[in-house]
Amino acid sequence: MKPTLKPTHLLVVMIFAALAISCSDDGKDGEDGLNGEPGTANVIYSEWLAVPTGAPATIDGTSGLLYNFAAPEITTGILETGAVLAYLRFSTETVPLPHTSRAGGTENTIAAYPALGNLKVFRFRHDGGTPAVPISSLVTIRYIIIPGGTPAARQVNYRNKSYEEICALFGIPE
């Protein structure tokens, strides 16, 4: 009796032959590329928000006006491992918060404080006087939430980047 090769055995032999022929050692490894900055997915950004009416408040013994913005995306996880950036836009100028300027004849600072489900914006006078100058209705506020993702991503100092750099980095429309 003459031995015969079954079709399945023939297929296995052909696969092994193809693999043996296609694997060769005549190529060179490519050069390693430069490492990019650590990134993160799922960046969240608000629209430019109108400033609501401020309410008198005291934070760390400083009197001023507090403006609350609902931000349900600011979760415990974001507060623990992410970054929340806030920006103020007046006319064509966009500046990061905190921002200090001279308003009403005195130095004022507008600062942002992320809280669970909320972004608090606080304006106070440097001289401690009251009342604080209200934020103009011509001003809008935007927040950008960057989830923590990985330990390396949390080590990037996004506050050292301009608004334009942050928008470019995360593909955020200005």
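Residues numbered from 1 in each chain as written. Predicted model: local features only at pLDDT ≥ 70, side-chain atom pairs only at ≥ 80, totals over all residues. Heavy atoms only, no water.

Novice: What should I look at first to understand the nonpolar core in this one?
Specialist: L119, V121 and I141 are the most contacted members of the largest nonpolar core, which totals 21 residues. A total of four residues in this core trace back to one element, the largest contributor, which is strand β10 (residues 139-146). Not counting residues up to four positions away in its chain, the partners in contact with I141 are S46, E47, W48, L49, V51, F69, Y87, L88, L97, L119 and V121. Counting 14 residues, the second-largest nonpolar core is a separate cluster that includes W48, L85, Y87 and Y163. (Core = buried A, V, L, I, M, F, W, Y, C linked by side-chain atoms within 4.5 Å. Buried < 20%, exposed > 50% of the residue type's maximum accessible area, 1.4 Å probe, protein only. Helix = DSSP H or I, 4+ residues; strand = E, 2+ residues; numbered from the N terminus. Contact = heavy atoms within 4.5 Å.)

Novice: Looking at this structure, I do not really get the packing of aromatic side chains. What am I missing?
Specialist: Here the structure, examined in full by the defined rule, presents four aromatic pairs. Measuring from centroid to centroid gives 5.6 Å for Y158 and F170, while their planes differ by 55 degrees, and the two rings are tilted. One end of the pair, Y158, is in the loop between α3 (151-154) and α4 (163-170); the other, F170, is in helix α4, and 12 residues separate them in sequence. There is no split in this pair, since Y158 and F170 are both buried. Through a chain of ring-to-ring contacts, the aromatic side chains of W48, Y87 and Y163 assemble into a single cluster. (Phe/Tyr/Trp six-rings, centres within 6.5 Å; stacked < 30°, edge-to-face > 60°.)

Novice: Can you walk me through the sheet that holds strand β4 (residues 62-70) in this structure?
Specialist: Backbone hydrogen bonds are what pair the strands of a sheet, in a parallel or an antiparallel way. Here five strands make up an open sheet; going across it, the order is β3-β4-β9-β8-β7 and the pairing antiparallel. Strands at the two margins of the open sheet, each flanked by one partner only, are β3 (55-59) and β7 (99-103). Mean inter-strand twist for the sheet, computed between neighbouring axes without regard to direction, equals 35 degrees. (Pairing = 2+ DSSP bridges. Axes fitted to C-alpha atoms, helices over the stretch in contact; angles between N-to-C directions.)

Novice: For this particular structure, what's the right way to read the pairing of β7?
Specialist: Regular strands have side chains that alternate between both faces of the sheet. Bridge count between β7 and strand β8 (residues 106-115): five bridges; the pairing is antiparallel. Considered in β8, the bridge of H99 is made with I110. The turn linking β7 back onto β8 is made up of two residues, and G104 within it adopts a positive phi angle of 65 degrees.

Novice: How should the pattern of salt bridges be read in this particular structure?
Specialist: Oppositely charged side chains can form a pair if their charged atoms are brought close together. Enumeration over the complete set of coordinates arrives at two salt bridges. Linking R102 and E107 is a salt bridge whose minimum nitrogen-to-oxygen distance equals 3.7 Å. Linking R125 and D127 is a salt bridge whose minimum nitrogen-to-oxygen distance equals 2.8 Å. (Salt bridge = Lys/Arg side-chain N within 4 Å of Asp/Glu carboxyl O.)

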